[in-house]
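Now for the letters of each chain:
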Amino acid sequence: MFTAIQLAAASANTAGTPATQQDTMGSIIYMLCSFGVLILVFYFFMIRPQKKKEKEAKEMKDALQIGDEIVTIGGITGIVVRINRNSQNSEDDSIVIETGGDRNKVRVMMWAISKNLTMHDAVEEAAKTAKPKKEKAEKSETKE
């Protein structure tokens, strides 16, 4: 805003000379470039990470299985007993979890799930990457 005030003052003082028109054009270009950089900063530091988190949360909720231990956004932990998926509207999806020693069952909306403490895919991937490393180590030991 300060540059806009300076721009208006400069144009009011000398409104017809070619040198001031070039200065005015240069300051307009500078201002547009500044806004462009600001928009890029907002995208890379605010919008993109948020979309990435939303995508990871959706993948986690889609990968839920019966028997997984989950935590809700309210802090309730439990084991998934039943999954009710509504194909028309994902907002209506719910799960039933079993909590506590009394085995109380609670119905929770899918959007209220915060974490999946049972990570099946991560364990499987870790096991797959560990096997080739072990095999390489064993082969190098037998060669020596």
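Residues numbered from 1 in each chain as written. Predicted model: local features only at pLDDT ≥ 70, side-chain atom pairs only at ≥ 80, totals over all residues. Heavy atoms only, no water.

Trainee: Which parts of the structure should I look at to understand the overall build of the protein chain?
Mentor: Secondary structure summary: the protein chain contains three helices and five strands in total. For the protein chain, the α and β elements follow one another from N to C terminus as α-α-β-β-β-β-β-α. By residue count, 15% of the 144 residues in the protein chain fall in the buried class. Partitioning the contacts of the protein chain with sequence separation of at least 6, the portion at a separation of at least 24 is 36%. (Helix = DSSP H or I, 4+ residues; strand = E, 2+ residues; numbered from the N terminus. Buried < 20%, exposed > 50% of the residue type's maximum accessible area, 1.4 Å probe, protein only. Contact = heavy atoms within 4.5 Å.)

Trainee: Is there a simple way to explain the pairing of strand β3 (residues 94-99) in this structure?
Mentor: Consecutive side chains along a regular strand alternate between the two faces of the sheet. The buried fraction of β3 amounts to five of the six residues, a majority that puts the element mostly inside the structure. Looking at chain direction, strand β2 (residues 77-84) and β3 are connected through five bridges and run antiparallel. Each bridged residue has a counterpart across the sheet, and for N84 the counterpart in β3 is S94. Both β3 and strand β4 (residues 104-109) contribute to a ladder of six bridges, which runs antiparallel. Across the sheet, residue V96 finds its bridge partner in β4, namely R107. Counted along the chain from β3 to the antiparallel partner β4, the turn is four residues long, and its residue G100 has a positive phi close to 70°. (Pairing = 2+ DSSP bridges.)

Trainee: Could you clarify how one ought to interpret the side chain of D68 in this entry?
Mentor: Checked against the element boundaries, D68 lands in the loop between α2 (18-62) and β1 (69-72). Although D68 lies buried, it forms no salt bridge, and the closest oppositely charged side chain, R85, sits 8.3 Å away as judged by the N-O distance. A distance of 3.3 Å separates the side chain of D68 from the side chain of N116, its partner in a polar contact. (Lys, Arg positive; Asp, Glu negative; His and termini not counted. Salt bridge = Lys/Arg side-chain N within 4 Å of Asp/Glu carboxyl O. Polar contact = N/O pair within 3.5 Å; in protein donor to acceptor, adjacent residues only side chain to side chain.)

Trainee: Just to check I follow, could you spell out the nonpolar core for this structure?
Mentor: Within soluble globular proteins, side chains that are nonpolar tend to cluster in buried spots. Judged by nonpolar contacts, M60, L64, I70, V80, I95, I97, V108, M110, A112 and I113 together constitute the single largest core of 10 residues. What L64 contacts, discounting residues up to four positions off in sequence, is I70, I83, R85, M110, I113 and N116. (Core = buried A, V, L, I, M, F, W, Y, C linked by side-chain atoms within 4.5 Å.)

Trainee: How do you make sense of the environment of N116 when you look at a structure like this?
Mentor: Examined against the element boundaries, N116 turns out to sit in strand β5 (residues 113-116). Take N116: its relative accessible area is 10%, and that puts it in the buried class. Sequence spacing of N116 and V71 is 45 residues, and the spatial spacing of their C-alpha atoms is 6.5 Å. With residues up to four places along the chain from it excluded, the contact list for N116 reads M60, L64, D68, E69 and I70.

Trainee: In this structure, what is going on with the pattern of salt bridges? I would like to understand it.
Mentor: Pairing between side chains of opposite charge can happen when the charged atoms of each approach one another. In this structure the tally under the stated criterion is two salt bridges. For R103, the salt bridge is made with E98, and the minimal N-O distance between the two is 3.3 Å.

Trainee: Would you take a moment to explain unusual backbone geometry for this structure?
Mentor: In most cases, non-glycine residues show a negative phi, while peptide bonds are predominantly trans. Residues other than glycine seldom take positive phi values, yet R103 does so here, at roughly 60°. Owing to a relative accessible area of 57%, R103 belongs among the exposed residues under this scheme.

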